[in-house]
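Commentary on secondary and tertiary structure
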Amino acid sequence: MLDCLIIGAGPAGLTAAIYLKRFHRSIAVVDAGGSRAKKIPLSHNYPGFPDGINGNELLARLKQQLENFGGEITRGIVTKLRKNSDGNFTAEVEGRTLIAKTVLLTTGVVDIEPELDGYDTLRNTELVRFCPICDGFEFTDDRIGVIGSGEHGVREYEFIRNFSTRLTYISLDTNDSLPAQTATHPYDNTFCVLDGRNSRLHYDSASKQIELVLADGSRHTFDVMYCALGCHVRSALATELGALHDDKDCLIVGEHLETNIDGFYAAGDVVSSLHQLAVATGQAAIASTAIHNRLRTR
């Protein structure tokens, strides 16, 4: 009988595991290996790292810290999760059964990436970004392309204008009502927009720049490309148990990160729409302490 089953070993899951092991709690951390943090080339806004830190390095440090307190990560996928009549939880992990008094879900989100020719090659150059809050500063006044769709894409475009006015919106949605957005610009009344459907991307290794070739053959060059197509929230294990969620499938939790399911907690991107490392680790600290106090008083 585990005190807590943690599903997901990103920054939130590992932080919670460290806290719970230091509380002398019996835990299991199950992870499928797909943390979004692995895609971070270098984060300059995570506290305590003035020169920035790579996402994989951050995960490695957290894993080592967990191992220092006797914790470990079990690789696998939780294929089924149910709540038992006695209030405990049973999880099936690829043929293995785990029983826990509480569950903490930290499975995060998956970014929606564009289906454009040449994107897969470009994705490995680190010139494709997803979070202007994290790294917009590093591209101040650069030529930035924003690949977007719908209202979410337009909002991201508006946000990125804080860093550069050399900005182009590349629309993949025929329903984008782009001209109506010009009046909201604080700098000028221009909205540079391109029809990105059926376009292709090319990386110029000599200049280290991105070239966008539109369907009409015209070419446009950028220093960096932001994807603003939204994301899929990996909250199915919770929602299938009846956990409340918003229209984006983010879980609704209380001040101690507990869902409406007694004993079921969630932290990180699966909860918050502000996808930040500092938010994830902070929520994990709150949730893990709440879990410990719950177990201690019962």
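Our subject is the structure listed above.
Here's a quick rundown of the structure. (Residues numbered from 1 in each chain as written. Predicted model: local features only at pLDDT ≥ 70, side-chain atom pairs only at ≥ 80, totals over all residues. Heavy atoms only, no water.)

Strand order across the open sheet formed by five strands is S8-S15-S9-S10-S11, with parallel pairing between neighbours. Since the sheet does not close on itself, it has two edges, and those belong to strand S8 (128-129) and strand S11 (193-195), each with one partner. Of the strand pairs in this sheet, strand S10 (residues 167-171) and S11 are connected by three bridges, and their pairing is parallel. Within S11, the position partnered with tyrosine 169 by the bridge is valine 193. Against the sheet, helix H5 (residues 150-160) engages strand S9 (144-148), S10 and strand S15 (224-228), with an angle of about 170 degrees to S10. (Pairing = 2+ DSSP bridges. Helix = DSSP H or I, 4+ residues; strand = E, 2+ residues; numbered from the N terminus. Contact = heavy atoms within 4.5 Å. Axes fitted to C-alpha atoms, helices over the stretch in contact; angles between N-to-C directions.)

The buried fraction of strand S2 (residues 27-31) amounts to five of the five residues, a majority that puts the element mostly inside the structure. Here S2 shows two buried faces, one formed by Ile27, Val29 and Asp31 and the other by Ala28 and Val30. Two elements, strand S1 (residues 2-7) and S2, share four bridges in a ladder whose sense is parallel. Residue pairing for S2: leucine 5 is matched across the bridge by alanine 28. For the segment spanning S1, helix H1 (residues 11-22) and S2, crossover handedness is right-handed. Pairing of S2 with strand S3 (residues 73-75), which is carried by three bridges, proceeds in the parallel orientation. Paired with valine 30 across the two strands is threonine 74, which belongs to S3. For the crossover that starts at S2, traverses helix H2 (residues 55-68) and ends in the parallel S3, the hand is right-handed. (Buried < 20%, exposed > 50% of the residue type's maximum accessible area, 1.4 Å probe, protein only. Right-handed = clockwise from strand over helix to strand, strands pointing away.)

What follows concerns the packing of aromatic side chains. Taken as a whole and assessed by the stated rule, the structure comprises six aromatic pairs. Here the aromatic rings of phenylalanine 89 and phenylalanine 264 are separated by 5.9 Å at their centres, their planes lie at 65 degrees, and the arrangement is edge-to-face. Of this pair, phenylalanine 89 sits in strand S5 (residues 89-93) while phenylalanine 264 is found in strand S17 (residues 264-266), placing the two residues 175 residues apart along the sequence. A relative accessible area of 1% means that phenylalanine 89 is categorised as buried. If you follow lysine 39 out to its NZ or CZ, it ends over the ring of phenylalanine 130, 5.9 Å from the centre. (Phe/Tyr/Trp six-rings, centres within 6.5 Å; stacked < 30°, edge-to-face > 60°. Lys NZ or Arg CZ within 6 Å of the ring centre and 35° of its normal.)

Function cannot be inferred from these measures alone, as they are strictly geometric.
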